[in-house]
There are 2 protein chains.
Amino acid sequence: MVHYKLTYFLSRGLADVSRQLFHLAGVEFEDERLNRDQFLERKESFPFKQVPVLTVDGLEIPQSMAIARYLATKFGFAGKTPEESALVDAFVDQFKDFYAEIHDYFYTMLGFTQLDGEEQKEKVLIPARDKFLPLLAKFLAKSKSGFLVDSGITFADLIIVDDMTTLINWWPQYADGYPEILAWRERVMNYPKLKEYIEKRPVTMA
Amino acid sequence: MVHYKLTYFLSRGLADVSRQLFHLAGVEFEDERLNRDQFLERKESFPFKQVPVLTVDGLEIPQSMAIARYLATKFGFAGKTPEESALVDAFVDQFKDFYAEIHDYFYTMLGFTQLDGEEQKEKVLIPARDKFLPLLAKFLAKSKSGFLVDSGITFADLIIVDDMTTLINWWPQYADGYPEILAWRERVMNYPKLKEYIEKRPVTMA
């Protein structure tokens, strides 16, 4: 049997999507969670000097979305045809662009910068949200599955919804103007096996 | 026969990697290049209101790396095993993070901001380079192929090298402290079929 170890911080961050995939697929894995000191001690040993890292029978794979895509492809949550997989990847990359755009807000809320949270919310979060969420809503409106692509739930739904949980933790009204997005979020979070995982996972803000 | 159309600007940007994949594979495609006015006229009609867009028999796929991964997977330039493909994806995502980090330098050089190019070079480009290039060098040093992964050239080599061409156009000394990176760049640019394509493609700064 393949031995999987996922190394990350205590938080959900960009790695919980991979934990969720293991739970959805019912595949065992070692869920290694580091505190800051433990991370710093091992930082130089990681392939890109950062986490998450997935270790597959000794081979280390870095980068959260590369890890998630690898697991999603193995477990059947990355689209059903090459074209659908490309669309899933497109949503993930659009999310990565959104995430880069809101970097200053995110890092402020995590306490990594001295910027003003309210100001960053107005300046970067709201404009980025009002560009990103309508794109998702457009695709959801024509989806046959209620998820981003027609064949069902994928790691694109998981990562975007989980990041939204963080944004809503910081600002409960984050998606109030987008009822169809909130309905989709409920659909994802109530998905069989995922719901049980979410209910018992450690509660963290981010 | 599948009809492919790649829609982008006149420049290389983040789409030339996909043009390169078509040339490497010897597969015909419609190379649609828009000027700014043509783009603005059609902007609202694109899936994510941006280019590149790859149209495959009428289906539109947005996002440059999603497009490149789709083509690379079809044409055999995305790694030879699931684990190698994950590593390729990790390099691509690391590149996307690097690209996000140097955003202010990049957009200044493109003339999209009023910031000072020299200042942005010192402030964002050099620190990001000194984080990114050593990671690549470490993998290249142990690669069996001379490319980022053991089995040979992939779209990760193509995208990172092509972006490096832009950075060197703006600052010829960009990679002078990294001889092994420059040697790898030569290896990629002299790869059969790619060399001929690069020699005849339109010359653009970015």
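Residues numbered from 1 in each chain as written. Chains lettered and ligands numbered in written order. Predicted model: local features only at pLDDT ≥ 70, side-chain atom pairs only at ≥ 80, totals over all residues. Heavy atoms only, no water.

With an unreviewed UniProt entry as reference, chain A is termed glutathione transferase, source organism Caenorhabditis remanei. Turning to chain A, the UniProt record has this under Catalytic activity (unreviewed entry): "RX + glutathione = an S-substituted glutathione + a halide anion + H(+)". Heading Sequence similarities (unreviewed entry) of the UniProt record for chain A holds this comment: "Belongs to the GST superfamily. Sigma family." (UniProt positions renumbered as here; feature names shortened; annotations may be inferred.)

*Asks:* Can you walk me through the sheet that holds strand β4 (residues 59–62) of chain A in this structure?
*Replies:* Residue and element names in this part refer to chain A. Sheet architecture is open: four strands sit in the order β2-β1-β3-β4, paired in mixed fashion. The two strands at the open ends of the sheet, each matched to only one other strand, are β2 (30–34) and β4. Recorded for the sheet is a direction-independent mean angle of 20° between the axes of neighbouring strands. Alignment of strand β1 (residues 4–9) against strand β3 (residues 53–56), held across four bridges, turns out to be antiparallel. When the bridges of β3 are listed, K5 appears paired with T55. The strands touched by helix α1 (residues 16–25) within the sheet are β1, β2 and β3, with β1 carrying the most contacts at an inclination of about 145°. (Pairing = 2+ DSSP bridges. Helix = DSSP H or I, 4+ residues; strand = E, 2+ residues; numbered from the N terminus. Axes fitted to C-alpha atoms, helices over the stretch in contact; angles between N-to-C directions. Contact = heavy atoms within 4.5 Å.)

*Asks:* Just checking my understanding: could you explain unusual backbone geometry for this structure?
*Replies:* As a rule of thumb, non-glycine residues mostly have phi less than zero, and peptide bonds are mostly trans rather than cis. Geometrically, the link from A:V51 to A:P52 is a cis peptide bond, its omega value of 10° lying close to zero. Along the chain, A:P52 falls in the loop between α2 (36–42) and β3. The residue B:D57 is not glycine, and still its phi comes out positive at about 45°. Along the chain, B:D57 falls in the loop between β3 (53–56) and β4 (59–62). In this model, B:Q63 sits at a positive phi of 80°, which is unusual for a non-glycine residue. When you line up the elements, B:Q63 lands in the loop between β4 and α3 (64–75).

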